[in-house]
Amino acid sequence: MTTPMQPTGAPAAWPDTYGEDAKPRVGFFTDTSICIGCKACEVACKEWNLIPEDGRVWTGESYDNTSALGANSWRHVAFVEQRKPLRLAEPFPEADARAGEAGSAGAQPAEVGVADLRWLMASDVCKHCTHAGCLDVCPTGALFRTEFGTVVVQEDVCNGCGYCVPTCPFGVLDKRDLARSPDDAPLALPLFGKKEDGRVWKCTLCYDRLKGGLEPACAKACPTDSIQFDELDELRKRAERRLEKLRVERWNGARLYGQDAGDGVGGFGAFFLLLDEPEVYGLPPDPVVPTAHLPKLWRTTALAAAGLLAGIAAAFVGGRE
Amino acid sequence: MPSLGTTFGRGGATTFQQDLMNADCITIMGSNMAENHPVGFQWVLEARERGAEVIHIDPRFTRTSAMATKHIGIRAGSDIAFLGGVVNYILANDRWFHEYVRCYTNARVIVADEFVDTEDGDGLFSGWDPEKGRYDVTTWQYKGMTVHGAAGQREEGFKGTKGEQSGHGGHGGGLEHGDPPEEDWDLEDPRCVFQILKRHYRRYTPEFVADACGCSVEDFLWYAETLCRNSGRERTGAFVYAVGWTQHTVGVQLIRTAAIIQLLLGNVGRPGGGVMALRGHASIQGSTDIPTLYNILPGYLTMPHTEDYGGLGGYVERTTAPAGWWGNADAYIVSLLKAWWGSAATEENEFCFEYLPRIDDDNSNYWTVQQMLKGKVTGYIVVGENPAVGSANGRAQRLALAKLDWLVVRDLVEIETAAFWYDSPEIESGELVTEQIPTEVFFLPAASHLEKDGSFTNTQRLLQWHYKAVEPKDDCRSELWFYYHLGRMIKARLKGSKDPKNRPINDLTWEYGTHGETHEPSAEDVLREISGWDDKGQMLAGYKLLKADGSTSCGCWIYCGSFADGENKTARKKPHWEQSDAALEWAWAWPANRRLLYNRASADPYGNPWSERKQYVWWDPEQEQWTGIDTPDFDEEKPPNYVPSSGAKGPDAVAGDHPFIMQADGLGWLYVPQGLEDGPLPTHYEPHESPFDNPLYSQRANPRRQQNKDLDEDPYNPVDGEPGSELFPYVVTTYRLTEHHTAGGMTRFTPYLAELQPQMFVEVHPDLARERGLEHGGWATIVSMRSAIEARVLVTDRMRPLRMNGRVVHQVGLPYHWGQRGYTTGGAANDLAHMALDPNVHIQEVKAFTCDIRPGRRPRGPKLAAFMNELRERVEAERGRAPRREPEEARET
Amino acid sequence: MGFLELVRSWPVLKQLDGDPLGLGKAAQSERSRTLRPRVADADHVARSICPFCAVGCAQLVYVEDGQVTQVEGDPASPISRGRLCPKGAATKNMHAGPLREYKVKYRRPYGTEWEELPLEQAMDMIVDRILRTRDETWEDETPEGNPARRTMAIANLGGATLDNEENYLIKKLCTALGIVQVENQARI
């Protein structure tokens with residue numbers, strides 16, 4: 001698919017707007033071939049970012065009771081049960097020979113790693129796109145690109161207008177609902193004075209931790225290093241090496257997703273190694289930044305902008321009181 | 001576990017988690033490591049990435065199976081059949097490690113002529129007493145040996161706790177000196193252990209395995225060959241297990257089978273080898289080392305038995321082994337008595353040995369519950385455990401609580417055990433009425449680990465200190481505070497008492513510094529007492545310094561040296577990147593800071609590494625000492641060619657090429673002549689409740705298992721062949737999920753975890769769902785003779801049906817975390833389980849029993865009690881037309 | 001904030017300073033600019049061990065004003081290398097969860113509800129009950145005349161979640177009292 005906007009692989013507003021303050025672009029490489037589906041990423045994220053509980057709904061969708069990324073789940077582990085082998089078959093001659101010696105005539109050679117079942121697990125997260133539609137449409141400047149090249153909603157700026165929500169091809173951006181009762185979200189209470197005001201929340205790639213030289217909470221907790229945090233250039237190289245190894249080992253369906261700077265969002269800041277088509281994991285196969293159609297969008301926005309300008313300024317000044 | 005203890009000499013895991021990285025083949029069986037020990041699982045994945053085979057053998061396809069290079073599904077409860085098949089494969093195809101087996105195991109030892117194997121006894125070993133329901137183990141001895149110690153002093157019927165005690169400690173069976181007298185180094189004598197082993201497993205052919213376990217012949221052969229191919233001089237394989245092996249009526253024997261395989265393949269004491277036991281609680285290894293268990297004292301010293309008299313001298317005689325490190329048991333017990341009764345313990349009064357209370361054969365947890373039901377146990381203190389959910393037969397547990405006079409529960413949250421009197425299935429059904437329950441209940445809020453200092457002993461015997469981060473709030477207190485002040489107050493009350501029964505309290509040393517507003521006792525002071533000092537107050541460097549003359553004090557001999565050189569060694573936190581892979585300066589491991597046990601066996605009999613690739617500890621002839629990357633698990637200066645003199649005792653009686661230094665003969669025991677209740681060799685028996693007959697013998701289940709035949713609260717499902725067995729056609733297995741912990745006290749009440757697995761569910765295969773009309777996402781009721789619970793239905797291919805002997809068997813999977821309370825509530829799987837036990841360790845069989853499953857929710861309120869009564873009456877009526885149980889089977893109440 | 005600063009911080013003006021689209025630095029709020037991880041404000045860091053399973057992962061516990069503000073893995077551990085599973089990662093949530101109990105609760109025999117009870121009084125009452133039950137059921141000898149020195153009416157359960165030092169005091173005190181039914185999760 002071609003896009004009207006020529007993807008450059010470099011995000012807008014980074015690193016140029018930061019001058020000397022700019023940092024190397026960082027991101028996640030989530031290698032699902034070693035994800036054990038433990039959900040430590042989901043919990044570590046919630047503990048660090050003080051995110052309310054997301055409701056106790058048993059879905060029956062394998063072991064996934066989180067269902068999707070949202071305002072209260074910034075990491076989401078998908079579980080996919082498949083009748084497919086994890087690796088492609090290759091014969092194992094020694095077993096055949098030994099079977100004969102053991103006196104078991106008729107035993108067929110078994111095949112390494114062949115099973116009719118596999119259970120894929122993958123931890124999804126905000127992609128921190130190179131060309132992020134959410135950022136383009138945010139009227140308040142709440143969404144911005146940080147000095148690390150990541151995309152963050154500033155909770156002190158967001159007014160909950162929600163314009164960004166439909167622009168995300170992955171459905172990441174989401175408004176946080178008000179807790180209806182303490183039982184509804186028991187952790188809403190001790191949120192250290194944060195207001196539950198319908199703002200938009202998503203992964204910040206632990207912006208505050210990055211500023212302190214710490215790696216994001218999910219990557220740090222991940223027991224198997226399925227979630228790797230590093231400079232994006234390094235991660236892309238590492239992912240290529242990893243893919244090559246899995247291909248040699250005949251892993252069924254191994255592929256990278258979101259590492260390509262030529263894709264519809266200019267590549268992800270948080271990309272993946274998957275073992276099947278993205279759709280299988282509930283991911284769009286060919287995500288496109290909606291602001292690719294920016295000119296059309298601008299015309300609509302311009303009308304609104306004039307009227308909103310005064311209001312935004314007022315809200316801004318009001319917010320500083 | 002006695003299985004590892006009797007085979008190798010110590011009950012702990014033989015290796016450490018990081019060493020799994022060095023394995024060429026990892027067998028995970030009886031464990032769901034990726035789910036239940038996720039962070040430890042990183043080392044398995046490290047091995048996989050280096051090219052190791054990772055094989056998960058389990059009834060279910062779990063998150064561990066998903067990460068393995070191969071999953072083999074077997075029927076729950078058929079593990080010995082599978083592993084016995086591997087033993088047969090190794091022996092029949094000459095795949096055993098010849099030099100290792102000949103030199104390091106008891107394969108060459110000749111067994112007494114009186115010994116009769118199950119193969120010749122239709123499922124019974126020699127010595128079976130059908131009336132007493134137990135074995136006389138004298139016929140299992142080595143030829144020409146007498147039973148060790150004071151058998152003659154033991155009265156008829158004395159069962160003692162020798163099995164468990166020696167199990168952890170590894171006492172030799174009547175071995176008079178270092179080597180057993182009759183041996184055949186060619187391993188050809190028909191009465192030698194090697195030949196007995198060969199005959200015992202001869203019928204465990206690949207076809208037998210496939211029929212008994214429900215796997216394919218091809219998968220079995222692939223596995224057996226893969227394991228053998230990855231063992232030997234150049235390669236090693238490791239076994240990983242957890243309670244998927246222990247929670248059976250043959251649990252101890254099951255683990256023994258893997259231990260035998262590892263000895264035959266030469267995989268013990270070597271990097272990337274061994275048997276890794278994965279414990280479920282932060283300090284479950286520690287609570288066995290310093291036991292909150294009825295039958296042992298700290299350091300696996302046995303508790304004295306009511307029929308075990310003769311004072312300290314008799315105790316020492318029975319506890320001390322003629323060779324090996326148990327030869328110094330007198331020093332261990334005397335040092336313990338000195339730690340407890342200080343200056344009151346003198347040589348003249350046998351160091352207050354008489355102060356120790358005496359136990360019966362079985363005073364274990366499930367026995368206690370029965371005593372509660374009978375009104376004999378009236379006071380109960382429960383700390384950090386939730387038996388109303390976590391123990392088998394939850395209904396019996398709760399009915400027992402309702403008979404108590406008083407109950408103290410200490411926990412972080414109000415768990416089901418504290419709330420049983422107003423919030424339980426029995427209150428709902430009307431079987432219990434709040435106003436009629438006499439139990440006085442004290443709920444005391446506990447301090448969390450963040451609110452106290454102390455050490456946990458992890459799954460690899462590593463004592464790790466944790467520091468207090470914050471003060472506990474309000475009434476929250478540590479267990480250290482509770483028991484210290486309880487003891488202090490009791491001592492104050494009994495001060496000056498002339499009653500002899502109070503003297504052990506009056507004389508008890510109880511001096512620990514306290515600090516802060518709550519007067520929290522010093523955990524370091526307690527650790528100092530555990531680690532031990534001499535009569536000058538000098539801290540001891542290790543257990544070799546302990547004396548039997550009363551000049552040393554040590555609260556737990558295997559922990560001796562954990563606080564030494566002025567340092568709390570458990571609190572060492574040197575980063576791993578600053579030291580070797582064994583990380584000897586991170587915390588402290590028992591024994592003597594060794595990380596990989598029996599590591600003398602990583603070298604050949606002459607002290608040279610078996611191969612360069614697998615070198616670990618070896619003899620340095622120039623320095624004349626053992627050296628390597630770990631602390632040698634051997635006398636560091638004992639040369640490989642050391643031969644003990646005929647009069648040598650204790651450690652000196654172990655030869656320089658005998659690596660298992662806790663064993664009386666220094667050898668790994670393929671065959672266990674003494675120390676186990678149910679046989680010297682593992683044998684396939686069906687679970688206590690099973691829809692199948694034993695394919696090998698007319699003896700269906702473990703004859704020695706403990707049953708509660710006359711306990712109304714613990715009725716059993718009819719089994720294969722009995723009338724009514726068709727009512728319980730499915731095998732059920734219980735388990736844990738990553739997102740929760742055991743009985744849920746720490747996770748169901750925790751919002752971030754509750755939301756991840758928010759409801760009790762049951763896992764079934766689509767075929768079973770069709771067979772029973774179960775709807776995915778709907779409700780099902782699961783039924784046994786004990787109870788009926790409900791759960792949401794998760795239909796999944798991961799619960800694969802197995803075909804055995806032409807019959808298809810379905811398995812039902814139940815996580816056991818749920819109960820009445822917390823953020824997420826649901827049926828407790830343990831309500832369905834029975835209390836039949838393994839005879840060695842009194843552990844219940846919750847990994848394989850039988851059930852029925854029906855669509856829809858369970859009957860509510862009084863209808864539940866009526867439903868269960870009707871079911872039980874129907875079964876009893878069916879049974880009335882036939883003998884209640886097979887006549888040859890043992891019973892123990 | 002003074003008027004001039006306020007004006008300067010107005011996004012439109014910030015955009016003129018090298019970020020015409022207002023997507024990067026110009027959009028950065030004061031909070032974002034000065035943001036730092038809250039662990040940087042910790043008064044002290046306690047080194048701990050995860051309380052759940054027996055893998056034995058090491059934890060770093062950050063404390064500020066007497067409150068735990070964060071628990072995460074300790075990279076120095078040779079076992080866990082700084083990683084935690086979901087349970088270990090939820091340690092703070094467990095430690096300070098909304099359902100945590102902080103007060104003694106007492107249910108009298110045949111009672112229908114919990115009552116309050118001061119901790120000191122509860123301890124006194126528990127001592128009363130232990131000593132009374134022990135006195136009433138003491139066995140010096142077995143019926144056969146063998147030494148017994150025990151009470152078979154009191155049992156103590158739990159230990160696998162506790163510290164070694166705690167288990168040590170439990171075993172020591174119970175043994176001295178003649179309580180032999182001391183058990184823990186090793187049986188489950």
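Starting from 1, residues in each chain are numbered consecutively following that chain's sequence as written. Ligands are numbered from 1 and chains lettered from A, in the order in which they are written. Residues qualify for local features only when their pLDDT is at least 70, as the model is predicted, and side-chain atom pairs are given and counted only at 80 or more; totals for whole chains, interfaces and linings, by contrast, use all residues.

In this section: the interface of chain A and chain B. Contact criterion: two residues are in contact if their C-beta atoms, reconstructed from the backbone, are within 7 Å. In this assembly, 40 residues from chain A lie in contact with 44 residues from chain B. Broken down by secondary-structure element, the contributors of at least two residues to the side of chain A that touches chain B are helix 1 (40-49), helix 2 (93-101) and strand 3 (118-125) of chain A. In terms of residue count, helix 2 of chain A provides more of the side of chain A that touches chain B than any other element does, 5 residues in total. All amino acids are sorted into three groups, where Ala, Val, Leu, Ile, Met, Phe, Trp, Tyr, Cys and Pro are nonpolar, Asp, Glu, Lys and Arg are charged, and the leftover types, Gly among them, are polar. Each residue belonging to the side of chain A that touches chain B can be placed in one class, and the counts come to 20 nonpolar, 8 polar and 12 charged. Strands here are runs of E lasting at least two residues and helices are runs of H or I lasting at least four, both read from the DSSP assignment and numbered beginning at the N terminus.

Moving on: the interface of chain C and chain B. Contacts between chain C and chain B engage 98 residues on the former and 131 residues on the latter. Counting residues per element, the side of chain C that touches chain B draws most heavily on helix 7 (residues 164-177) of chain C, at 13 residues. Grouping the constituent residues of the side of chain C that touches chain B by class yields 53 nonpolar, 24 polar and 21 charged. Any two strands are treated as partners once DSSP identifies two or more bridges connecting them. When strand 10 (residues 379-383) of chain B meets strand 7 (residues 147-157) of chain C, the two strands line up parallel, connected through 4 bridges. Paired with B:G379 across the bridge in strand 7 of chain C is C:I154.

All names here are of chain C. Taken together, 3 strands build an open sheet; the order of strands is 1-2-3 and the sheet is antiparallel. In this open sheet, the two strands that pair with only one neighbour each are strand 1 (44-49) and strand 3 (67-73). Ignoring strand direction, the axes of neighbouring strands in this sheet form an average angle of 25°. Strand direction decides the pairing type here: strand 1 and strand 2 (residues 58-64), joined by 6 bridges, are antiparallel. Its bridge partner lying in strand 2, S48 is registered against Q59. Axis definition: a line fitted to C-alpha atoms, over the contacting stretch in the case of helices. Angles run 0 to 180 degrees between N-to-C directions.

Do not read the fine detail of predicted coordinates wherever pLDDT is low. All names here are of chain B. Across the chain, each position has a pLDDT score giving the predictor's confidence in that residue, from 0 to 100. Averaged over every residue, the pLDDT of chain B is 93; the share at 70 or more is 95%. Across residues 147-174, confidence stays below pLDDT 50; counting only partners more than four residues off in sequence or on other chains, it has 89 contacts. Here residues 882-893 is a poorly scored stretch, pLDDT under 50, and it has 19 contacts once near neighbours within four places are set aside; other chains count. For this predicted complex, the interface score ipTM comes out at 0.95, while the overall pTM is 0.93.

Turning to the environment of B:W465, a few remarks are in order. Residues and elements named next belong to chain B. Residue position: W465 is located in strand 14 (residues 462-466). Buried residues are those with 20 or more other C-beta atoms within 10 Å of their own C-beta, exposed residues have 12 or fewer, and partly exposed residues lie in between; C-beta atoms are placed from the backbone. By C-beta crowding, W465 is classed as buried, having 26 other C-beta atoms within 10 Å. Put simply, W465 and Y512 are 47 residues apart on the chain and 18 Å apart in space, counted from C-alpha to C-alpha. Here W465 is in contact with S455, N568, T570 and A571, once residues within four sequence places are set aside.

Attention shifts here to the environment of B:D693. Residues and elements named next belong to chain B. Summarising the element assignment, D693 is placed in the loop between strand 23 (625-628) and strand 24 (730-735). Linking D693 and G721, residues 28 residues apart in sequence, is a C-alpha distance of 7.7 Å. Dropping the residues within four chain positions of it, D693 is found in contact with R700, D720 and G721.

Turning our eyes to something else, we now look at the nonpolar core. Residues A:A44, B:I26 and B:I782 are the most contacted members of the largest nonpolar core, which totals 404 residues. Looking at this core, the element that brings in the most residues is helix 15 (residues 329-341) of chain B, giving 10 residues. Beyond its immediate sequence surroundings of up to four residues, B:I782 is in contact with B:V762, B:A788, B:I789, B:A791, B:V812, B:L814, B:L832, B:C851 and B:I853. Listed in part, the 7 residues of the second largest apolar core include B:L450, B:V470, C:V61 and C:Y62. As used here, a nonpolar core is made of buried Ala, Val, Leu, Ile, Met, Phe, Trp, Tyr and Cys residues. They are joined through C-beta atoms within 7 Å.

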